[in-house]
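Single-letter residue listing:
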Amino acid sequence: MPASRFTQTGNYRTRYAQDQTIFATYAEQLSLIVLIGLLLLLPLILPKTMLRDVNMIMIYAVAVIGLNITTGYTGLINIGQAAFMGVGAYATALAATRLNLPFFLAIPIGGIAGALVGTFVGLPSLRLKYLYLAVATLAFQIIFEWGVGHTPLLAQGGAISLPPVQVFGVKATFFNHNFVWYYLILPVLVVMGLLWRNVLRTKHGRSLIAVRDNDRAAAAMGINPGTAKIMAFMIGSFYAGIAGGLFAYFQKAVVIEDYGLHISIQLLAMAIVGGLGSLPGSFLGPLFIVTLDRLVGNGSQWLGAQNLFPAGVDVATALRPLSFGLAIVLFLMFEPRGLANWWRLSRLYFKKWPYKF
Amino acid sequence: MKKTLILSALVSLSFAAAQKTVTLPWSGAITGPTSDAGASYAAGVEDYCKYANAQKMLPGVTLNCVTRDDQYNNANTQRNFEDFVGNLNAPVFLGYATGGALQLKSVIQETKIPTLTASYHIGIIDAPDNTYTFLPVSSYSENIVALLEYIAKKERGAKVALIVNPSPFGRDPVVDARKAADRLGLKITDVQEVGGNNLDNTALLKRLESQGAKYIINQNTAGPVANILKDAKRLGLLGKMQFMGAHYTGGEDLTKLAGDAAKDFIWATSYYLYDEGNQPGIQLVKKIGAQYKRGGDTIRSVHYTSGMLAAAIAIEAMKRAGNNPDAAGVYKGLISMNGSKSFNPGFAVGPVTFSAKDHIGAESLRLLQADATGNFKPITGAQRSALFQLVHPMK
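Just so you know, these numbers come straight off a predicted model, no measurement behind them. In this convention, every chain numbers its residues from 1, walking through the sequence in written order. Chains carry letters and ligands carry numbers; both start at the beginning, A for chains and 1 for ligands, and go up in the order they are written. Note on the predicted model: pLDDT of at least 70 is required for a residue's local features to be given, and 80 or more for side-chain atom pairs to be given and counted; whole-chain, interface and lining totals, by contrast, use all residues. The basis for every side-chain value is the complete set of non-hydrogen atoms in the structure, without hydrogens or water.

Enquirer: Looking at this structure, I do not really get the overall build of chain A. What am I missing?
Expert: We count a stretch as a helix when DSSP gives it H or I for four or more residues in a row; a strand needs E for two or more, and each element gets its number in order from the N terminus. Across its full length, chain A holds 14 helices and four strands. Taken over the C-alpha atoms alone, chain A extends approximately 60 × 55 × 50 Å along its principal axes. Think of it in three bands: with a 1.4 Å probe and only protein chains considered, a residue is buried below 20% of the maximum accessible area for its type, exposed above 50%, and partly exposed in between. Counting all 357 residues of chain A, 48% fall into the buried class. In what follows, residue pairs with any heavy atoms lying within 4.5 Å of each other are defined as contacts. Restricting the contact set of chain A to residue pairs at least 6 apart, pairs at least 24 apart contribute 73%. Calculation of accessible area relied on Shrake-Rupley with a 1.4 Å probe; when residues are assessed, cover is drawn exclusively from the protein chains displayed. Accessible surface, chain A: about 17400 Å² in total, of which carbon and sulfur atoms supply 71%. For this count, His and the chain ends are skipped, Lys and Arg are scored as positive, and Asp and Glu as negative. Charged groups are reduced to one reference atom each: NZ for lysine, CZ for arginine, CG for aspartic acid, CD for glutamic acid. Side-chain charges of chain A comprise 25 positive and 11 negative groups, with the mean position of each set lying 12 Å from the other.

Shown next, in the form of structure tokens:
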């Protein structure tokens, strides 16, 4: 173990048990507690519309953790994460409106529905790899959109409104909606993050990484790659289902357009930009993409108002997908490990600063 | 001299203090999907709002004209709505997309903010949560039922195919269309979904041809319809099949994209068109467009006129609300628009009428047909679909 449990300048671990601790030092533990404390205070200082963006970031972060489980940690390319979110959202909406379940039961039902469908969709992963699997998940995305659009129970992809929630006697209304939901989404995100961090410490979590790195070698070590892959899809889509349930309540109604292919691509971009196979990256990716989207959205509206371009040439429309695509390409070229690597380097720097050796 | 200056300053100050600022907000797709229509619609809202300020239409009130891009993204629409209503105290909301409007229904009901949208999806004003939502003109469903009535008059028992957008916007009129076709003795042979990525429609058109479908009704946007028309021309089907469509399928946008393949296309809409310069509403559109230096394409677009109508209805409702237009006043102003108090700014082919039960504004529509030059000429007068009320009774 390190000389001090408060600071650490190198790897002093001598046993596997030490290697599996969540926090290497008390300082790390403390910093997380301080961060959560600060996050609890955030709604008091942020404007309402910015709080909405933070809520969106947190919901996407739950979905991106799930995507990281399948794609980042297990190496199974998934272009249908928004559809899994959609499964969760519609299941939550049905549970809330048809079964009249409260939100704290309806959202887990969304997660379970996502996991069940994810397990089924994951079956092709037993036979398919790489691009072929990517196309299989893409097919699910398309089937999902078509299926919802033709199902009367799901309003043919129209809107299913969700009832307002009440927590500890406080009813969510238009004026406190973002505030109430911030305090509902944040604990879910923290719990889901910690849950995954803990799963990673188990043999099941490590088996996923082993399958990603080399499934034949993993099989030689006694891991069943098929089980691991199905499990990855099950857990990843459970996370997506929970995110979908949260999103359904947060948006107050479920509409198919919120779970389209473009959202799947956006989630994949968040995972890549954040850093595939990284828990901090699952938070940093959504933060980066939502902020970029907001900035470019404002920028494109400003550009459009300047009349700089000839009529019929809508540069403003192109700016958003351009910046979005550019961000992904630049990250893939120059920082394939994503923002999580910058986070890692920053932490390394401060481990040695000032004058430690 | 000094006294006069002080006096005039005081008068100006008191005048400024007496002026209230009220936000007239619009949220829609200035960029992103459907921005071809959204950008012109936004320009119409913005210009009419500025014009209303310049004309001092609302005594004692200065309008804060805000048009914001939501990129056709429902989450952005909600964000804009929250900002407009929560922070800017807007007494009315002008929306755009079908999905966004459907998603906002319960929030609109809760906040009691009267809302007009650019989507004419009948589900927006269907129960529940429909007290404060209004359609400026007749719905897509009514457009399509009127087209079916036209077909039935021409050829009883004709075979009709529907091509709709794969979205709530596209699918919703299908149920009403089926009911109407049954009553009219028409046969709906097929309902196909076509999105904006329809680069080759050969298989689709051959399929419809093999079914003997003579009339093809589109509920879509102009882009996909233009591609279908161009492919129909290439396959020599234009004379054999009669292509038709609801509001967002036609107009300048269609003829620009489809060229001469748009010839004979029959279009249902409630709006007057740019070429009808004898209409007072179109004269006003041209005047305002020139005043605010809009390009020719924008002014010619029917969506520019649509944006003006939505803004005009909201401003008229504010006017009827009096000196202090709040949401309740605007709602009362809107539902007072009927009988002798109906509102007719001249942008649509009939007056705007609303009541507590009637949430469709300009209920009249016309069928127009594109000529060889790509201009749409009316082939019917202003009318209502006789059957629509029967197949979709409003609650």
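Enquirer: What's the story with helix α5 (residues 103-122) of chain A in this structure? I'm lost.
Expert: Each α-helix winds once per 3.6 residues, and so residues spaced three or four apart point in a common direction. Residues and elements named next belong to chain A. Here the expected length of a helix is defined as 1.5 Å per residue gap, with one fewer gap than residues. Given a rise of 1.5 Å per residue, 20 residues ought to cover 28 Å, and the 28 Å separating the end C-alpha atoms of α5 matches this to within 8%. What α5 keeps buried is the set Phe 103, Ala 106, Ile 107, Gly 110, Gly 111, Ala 113, Gly 114, Ala 115, Gly 118, Val 121 and Gly 122. Here the buried face of α5 lies against α4 (81-97), α6 (130-149), β2 (166-167), α7 (177-201) and α10 (225-251).

Enquirer: Whenever I open this one, a nonpolar patch on the surface confuses me. Can you help?
Expert: All names here are of chain A. Taken together, the side chains of Leu 30, Val 34, Leu 38, Leu 41, Leu 44, Ile 45 and Phe 179 make up a nonpolar region of the molecular surface, amounting to roughly 730 Å² of accessible area. The element best represented in the nonpolar patch is helix α2 (residues 26-45), accounting for six residues. Looking at the secondary structure, you find Leu 38 in helix α2. Since its relative accessible area comes to 53%, Leu 38 is described here as exposed. Each patch is assembled from residues with relative accessible area greater than 30% and no salt bridge, linking like charges that lie within 9 Å and nonpolar side chains (Val, Leu, Ile, Met, Phe, Trp, Tyr) that lie within 5 Å. Definition used for salt bridges: Asp or Glu carboxyl oxygen within 4 Å of a side-chain nitrogen of Lys or Arg.

Enquirer: Any chance you could explain unusual backbone geometry here in plain terms?
Expert: What you tend to see is this: most non-glycine residues have negative phi, and most peptide bonds are trans. Residues and elements named next belong to chain B. Put simply, Ala 127 and Pro 128 share a cis peptide bond, and its omega is -5°. Position of Pro 128 relative to the elements: it lies in the loop between β4 (115-116) and β5 (133-137). Positive phi is not limited to glycine here, since Asp 264 has a value of about 80°. By secondary structure assignment, the location of Asp 264 is in the loop between α10 (252-258) and β10 (266-269).

Enquirer: Can you walk me through the interface of chain B and chain A in this structure?
Expert: The accessible area lost on association of the parts is a frequent measure of interface size. Counting residues at the interface gives 31 residues for chain B and 33 residues for chain A. Of the roughly 2700 Å² buried between chain B and chain A, counting both surfaces, carbon and sulfur atoms make up 49%. The buried area of a pairing is the accessible area, by a 1.4 Å probe, that goes missing from both parts when the two are put together, added over both. Ranking the residues of chain B by area buried against chain A places Arg79(B), Glu82(B) and Gln103(B) at the top, with a combined share of 24%. Where chain B packs against chain A, one counts three salt bridges.

Enquirer: Please clarify how the nonpolar core should be interpreted in this entry.
Expert: One recurring pattern in soluble globular proteins: nonpolar side chains tend to sit buried together. Remark: nonpolar core denotes a set of buried residues (Ala, Val, Leu, Ile, Met, Phe, Trp, Tyr, Cys) joined through side-chain atoms within 4.5 Å. By size, the foremost hydrophobic cluster in this structure holds 97 residues, and its most contacted members are Leu24(B), Tyr48(B), Phe81(B), Leu229(B), Phe243(B), Leu254(B) and Ile313(B). The element that contributes the greatest number of residues to this core is helix α13 (residues 302-321) of chain B, accounting for 12 residues. These domain boundaries are the output of an automatic or database domain assignment. Three or more residues apiece are contributed to this core by two domains, here domain 1 (20-138 + 276-362) and domain 2 (141-269 + 366-391) of chain B. The residues contacting Tyr48(B), other than those within four sequence positions of it, are Met57(B), Leu284(B), Ile288(B), Met308(B), Ala311(B), Ala312(B), Ile315(B) and Phe347(B). Among the nonpolar cores identified, the runner-up in size contains 89 residues, and Leu51(A), Leu76(A), Leu186(A) and Phe247(A) belong to it.

Enquirer: Is there a simple way to explain the domain arrangement of chain B in this structure?
Expert: Residue and element names in this part refer to chain B. Domain annotation of chain B identifies domain 1 (20-138 + 276-362) and domain 2 (141-269 + 366-391). Between the C-alpha centres of domain 1 and domain 2 there is a distance of 27 Å. Every contact between the two is made by 19 residues of domain 1 and, on the other side, 19 residues of domain 2. Here domain 1 packs against domain 2, burying approximately 1600 Å² in sum over the two surfaces, 55% of which is carbon and sulfur.

Enquirer: What is the right way to look at the confidence of the model for chain B in this model?
Expert: In regions of low pLDDT, the predicted coordinates are not meant to be interpreted in detail. In this model, chain B carries an average pLDDT of 93, and 95% of its residues clear a pLDDT of 70 or more. For this predicted complex, the interface score ipTM comes out at 0.87, while the overall pTM is 0.90. The pLDDT score gives, residue by residue, the confidence of the prediction method on a 0 to 100 scale.

Enquirer: What am I meant to see in the state of the cysteines here?
Expert: Residues and elements named next belong to chain B. For this text, the term disulfide refers to a pair of cysteine sulfurs within 2.5 Å. Overall, the coordinates contain one disulfide over all chains when judged by the stated rule. Note on cysteine connectivity: Cys 49 is disulfide-linked to Cys 65, with sulfurs 2.1 Å apart. In this structure the cystine formed by Cys 49 and Cys 65 twists about its S-S bond by roughly -85°; its chirality is therefore left-handed. A residue pair is termed long-range when its members are at least 10 positions apart, and Cys 49 in helix α2 (residues 35-54) and Cys 65 in strand β2 (residues 61-69) qualify at 16 residues.

Enquirer: Whenever I open this one, the side chain of Arg79(B) confuses me. Can you help?
Expert: Tracing the backbone through its elements, the reader meets Arg79(B) in helix α3 (residues 74-87). What makes Arg79(B) buried here is its relative accessible area of 15%. A polar side-chain atom of Arg79(B) sits 3.0 Å from a polar atom in the side chain of Asp53(A). Apart from the residues within four sequence positions on either side, Arg79(B) is in contact with Thr49(A), Arg52(A), Asp53(A) and Arg294(A). Polar contacts, as counted here, are pairs of nitrogen or oxygen atoms within 3.5 Å of one another; within protein the pair requires one atom able to donate a hydrogen and one able to accept it, and residues that are adjacent in sequence qualify only if both atoms are side-chain atoms.

Enquirer: What is the right way to look at the UniProt feature "transmembrane region" (unreviewed entry) in chain A in this model?
Expert: Residues and elements named next belong to chain A. Under the UniProt annotation, the feature "transmembrane region" (unreviewed entry) is placed at residues 29-46, 58-91, 103-123, 130-148, 179-196, 230-251, 263-290 and 311-334. Split by type, residues 58-91 is 79% helix and 0% strand. Its first and last C-alpha atoms lie 20 Å apart. The straight-line gap between the two end C-alpha atoms of residues 103-123 is 30 Å; of that span, 95% is helix and 0% is strand. UniProt positions are given in the numbering used here, feature names are shortened, and annotations may be inferred rather than shown by experiment.

Enquirer: It is not clear to me how the environment of Leu189(A) should be interpreted in this structure. Could you clarify?
Expert: Residues and elements named next belong to chain A. Within the secondary structure layout, Leu 189 lies in helix α7. Note on Leu 189: relative accessible area 8%, which makes it buried. On a C-alpha basis, the gap between Leu 189 and Val 62 in space is 6.0 Å, while along the polypeptide they are 127 residues apart. Ignoring sequence-local partners within four residues, the contact set of Leu 189 consists of Met 58, Ala 61, Val 62, Ile 65 and Phe 283.

Enquirer: What's the story with the pattern of salt bridges in this structure? I'm lost.
Expert: Any two side chains of opposite charge can pair, so long as their charged atoms come close to each other. Going through the model one piece at a time under the given rule, you end up with 26 salt bridges over all chains. The salt bridge involving Glu252(B) is made with Arg300(B); its shortest N-O contact spans 3.1 Å. Of the two residues, Glu252(B) is situated in helix α10 and Arg300(B) in helix α12 (residues 296-300); the sequence distance between them amounts to 48 residues. Note that Asp275(B) is salt-bridged to Arg300(B), the shortest N-O span being 3.3 Å. With Asp275(B) in the loop between β10 and α11 (280-291) and Arg300(B) in helix α12, this residue pair connects regions lying 25 residues apart in the sequence. Residue classification places Asp275(B) among the partly exposed residues on the basis of a relative accessible area of 40%. Relative accessible area serves as the criterion here: at 26%, Arg300(B) is assigned to the partly exposed category. A single network of salt bridges, built from pairs that share partners, joins Arg52(A), Lys252(A) and Glu82(B).

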